[in-house]
Amino acid sequence: LFLVKNIFTVALVLAALLTSLVYPFQPVTLTVINALTVGLPSLVLALEPNRDRIRGRFLWGALERALPGGLAIFGALTVAQLLHLRALFTAAAVILSAVGICVLAKVSLPMTRLRKWMVLAMALLLTAALFVLGPVLSVWLLEPGALWACLLGGLAVCLFWCLTAVLALWKKQS
């Protein structure tokens, strides 16, 4: 969960330094989204009993799970900026939220009852936070440009699952 955030942040910062792209997040927005897609779920998952030993290539396995999410967020945000989307902060929040919940669901596999409720609760809390705290987070889900933001969020989710499938096939072939 933490690696996804690091991957897209490094990519966005490098893109902002090397091009005219802007970093589309405000600290308060990242705080709320990361608390509900990374912080609280990590606490719940860490408290679950686990007696399995780490086997194989741990770092590659962690990167394999994080890379699709980070690249999907970066790709969708780059598209939003290249389209000169008016609702850039809204698009950034929707994209990060949508992919964040997908990554959480993937990391939570195999799903137990606790994990299902956790993913559902985080998705509902995140949706409520984006609507209720919208003005504080610079997110306006009811403005006309928000439709494009939501479409880009859906594109990012599709990109995430496609990248995950490609990595799985690549891993199977090697």
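Below: a short report on this structure. (Residues numbered from 1 in each chain as written. Predicted model: local features only at pLDDT ≥ 70, side-chain atom pairs only at ≥ 80, totals over all residues. Heavy atoms only, no water.)

A few words now on the pattern of salt bridges. Under the counting rule described, the total for this entry stands at one salt bridge. Residue Glu-48 is joined to Arg-115 by a salt bridge in which the shortest nitrogen-to-oxygen separation is 2.7 Å. In this pair, Glu-48 is assigned in the loop between α2 (27–47) and α3 (58–82) and Arg-115 in helix α5 (residues 113–132), connecting sequence segments 67 residues apart. Since its relative accessible area comes to 17%, Glu-48 is described here as buried. (Salt bridge = Lys/Arg side-chain N within 4 Å of Asp/Glu carboxyl O. Helix = DSSP H or I, 4+ residues; strand = E, 2+ residues; numbered from the N terminus. Buried < 20%, exposed > 50% of the residue type's maximum accessible area, 1.4 Å probe, protein only.)

Attention now goes to the environment of Glu-64. As for its position among the elements, Glu-64 is in helix α3. In this structure the C-alpha to C-alpha distance between Glu-64 and Leu-163, which are 99 residues apart in sequence, comes to 9.8 Å. Apart from residues no more than four positions distant in its own chain, Glu-64 is found in contact with Leu-167 and Lys-171. (Contact = heavy atoms within 4.5 Å.)

With that out of the way, let us pick up the side chain of Ser-108. Secondary-structure assignment places Ser-108 in the loop between α4 (88–107) and α5. By relative accessible area, which is 0% here, Ser-108 ends up buried. Not counting chain neighbours up to four residues away, the residues in contact with Ser-108 comprise Leu-45, Arg-115, Met-118 and Val-119.

We now examine the packing of α4 against helix α7 (residues 146–173). Working note: a packed helix pair is described by the angle between its axes plus the distance between those axes. Close contact between α4 and α7 brings their axes to 8 Å; oriented N to C, the two are set at 30°. Between α4 and α7, the angle is such that the two are roughly parallel. Remark: the crossing between α4 and α7 carries right-handed chirality. Residues Thr-90, Ala-91, Val-94, Ile-95, Ala-98, Val-99, Cys-102, Val-103 and Lys-106 of α4 form the contact with α7, whose participating residues are Ala-146, Ala-149, Cys-150, Leu-152, Gly-153, Ala-156, Val-157, Phe-160, Trp-161 and Thr-164. Taken together, the residues of the contact of α4 with α7 sort by class into 15 nonpolar, three polar and one charged. (Axes fitted to C-alpha atoms, helices over the stretch in contact; angles between N-to-C directions. Parallel < 35°, antiparallel > 145°, perpendicular 65-115°, else oblique. Left-handed = near helix turned anticlockwise from the far one by under 90°. Nonpolar A, V, L, I, M, F, W, Y, C, P; charged D, E, K, R; others polar.)

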